[in-house]
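A closer look at the structure
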Amino acid sequence: MTRQAGSPNVTIAAHGDRGGHRFLLTGPDESEEPLILDVADGDVLRHCTAGFARSVQRTLAFWRRPSRIPLQDAGTSLQQLAAAGRVLLTSVLRNAREIHDELGVRMRRWCPTWGDEDGVVPVLHVQAGTPQWLPWELLPLFDLHWDDRVGDHTELWRAARIFPGLSTVTERAMERPGQAVGLRVSGGRLPLRYLWHAGYPGAQGELGFFRSRPAIALDGPYPGDDAPYPGTHSFARHLADPGLGPDGRRMNHPHQVLHMSCHTTVTGDDREAANRLVFHLSSTAEREKAVEVEVEVHKVLADLIPAWAAAPRTVGGLPFVFLNACSTALHDPLTLRSLMEPFVKNRNPSVIGTVAQLPDRIAEYFSRRFYEALLGGRTVGESLHTAKWDLLQTRRNPVGLLYALYGVSTLQVTPVPVSAAS
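Residues numbered from 1 in each chain as written. Predicted model: local features only at pLDDT ≥ 70, side-chain atom pairs only at ≥ 80, totals over all residues. Heavy atoms only, no water.

1. Let's talk about the overall build of the chain
- Per the secondary structure count, the chain includes 11 helices and 16 strands.
- Counting every position in the chain, which comprises 422 residues, the buried fraction comes to 57%.
- Residue pairs at least 24 apart in sequence account for 75% of intrachain contacts in the chain once pairs closer than 6 positions are excluded.
- Only carbon and sulfur atoms are counted for the fraction: they give 49% of the accessible area of the chain, which is about 17600 Å². (Helix = DSSP H or I, 4+ residues; strand = E, 2+ residues; numbered from the N terminus. Buried < 20%, exposed > 50% of the residue type's maximum accessible area, 1.4 Å probe, protein only. Contact = heavy atoms within 4.5 Å. Areas by Shrake-Rupley, 256 points an atom, 1.4 Å probe, with all protein chains shown as cover.)

What follows is the structure in structure tokens.
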């Protein structure tokens, strides 16, 4: 693939009050009037977004396969997703009738290489706040009218590109993110800390991949049989201070990547919504021998302030975070909380998560391709784009649409390890 655009092709911002919101879509030419989308009030927006999430779950029936998806099923799944996107936009845009044609025209003009496999990858920048309630990656913004059958691979690639999640690098801005200083190589290797649930074959596969790559300096996996880190309290301490080793001592080379491959809980008792967000970690697949850890988001948030106070003032760059677990980027429609919240509050510069449940082996395959691109000098955004298209082209599986990027898409490994190609 080619590089991503140097600046956003489209920026999505919002103005609003109790009567509703207006999303402003601005192209690269700042002198051009923005396209205005009048959006329903927050309660309606959340309700409709929750309905769209249920539609995505139905589409996942086509995508939860480790092998290649039949061409017809891949095309049908994209038809269903496009239809669900049209329902969402028709429901939440108060001026949908007036702007539906103009929306597609503007998107194609602002992103002239959106359908070009060899062109510069456009960048869609979603500002923090209300605009992030909409699943922009999954909406058929480049052709709202598309509803065709897919008869061959060319038609499948064309259909896939109407969704920004496959035709652009979509970055969701954080509020006042930390400074992105690059992922620094130490001794020719990228320091990566790995947290896992060993009961998942995909997590075991990722461990094997990390160990096999000379360009990666692996720290972990945690928890291990003799390393109970990270409990909830120590998780907050290590999140605030990446230079802190699992034994509590200072590390010579703080980790630059935090990768988590585990089970999560995002449902539970509505009366205690905070307890619904949990990372489940384990040192082995054998429960009677396992060191098991539950990292609860609300407890991490409670510990972050004292953890920040204890961290050195010269921590430097915080690590990039890859949450390769189910539904880590999914926001509760009532509370707008998610498993990503501790990392966003901690000002980690980039965080990748998922908006639904993913097949274990597919998640493993996806992360391998992502890190191969990242270690080869691609940005985080380009690496994510590469992994999505690799999965689509090799397995006809569009499930990469479910990965979302928050923060800086231009973060990259510096310098590129000489052993990256190994």
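2. Details of the packing of aromatic side chains
- On inspection of all chains with the given rule, the structure shows 16 aromatic pairs.
- When the ring of Trp 114 is compared with that of Phe 142, the centres are 4.8 Å apart and the planes differ by 5°; the resulting orientation is stacked. You can see Trp 114 sitting in the loop between α3 (96-110) and β4 (123-126) and its partner Phe 142 sitting in the loop between β4 and α4 (153-160), a full 28 residues away along the chain.
- Judged by relative accessible area, Trp 114 falls into the buried class, the value being 10%.
- Judged by its relative accessible area of 0%, Phe 142 is buried.
- Taking 3.9 Å as the distance between ring centres and 0° as the angle between the ring planes, the aromatic pair formed by Phe 366 and Tyr 403 counts as stacked. Of the two residues, Phe 366 sits in helix α10 (residues 360-375) while Tyr 403 sits in strand β15 (residues 403-407), which places them 37 residues apart along the sequence. (Phe/Tyr/Trp six-rings, centres within 6.5 Å; stacked < 30°, edge-to-face > 60°.)

3. Some remarks on unusual backbone geometry
- With omega at 10°, the peptide bond leading from Gly 220 into Pro 221 counts as cis.
- Tracing the backbone through its elements, the reader meets Pro 221 in strand β8 (residues 216-222).
- A cis geometry characterises the amide bond from Thr 414 onward to Pro 415, with omega recorded as -10°.
- Note that Pro 415 resides in the segment after β16 (413-414).
- In this structure, Arg 347 is a non-glycine residue whose phi angle is positive, near 70°.
- In this fold, Arg 347 is placed in the loop between α9 (341-345) and β14 (350-354).
- Look at Arg 347 and you get partly exposed, because its relative accessible area is 25%.

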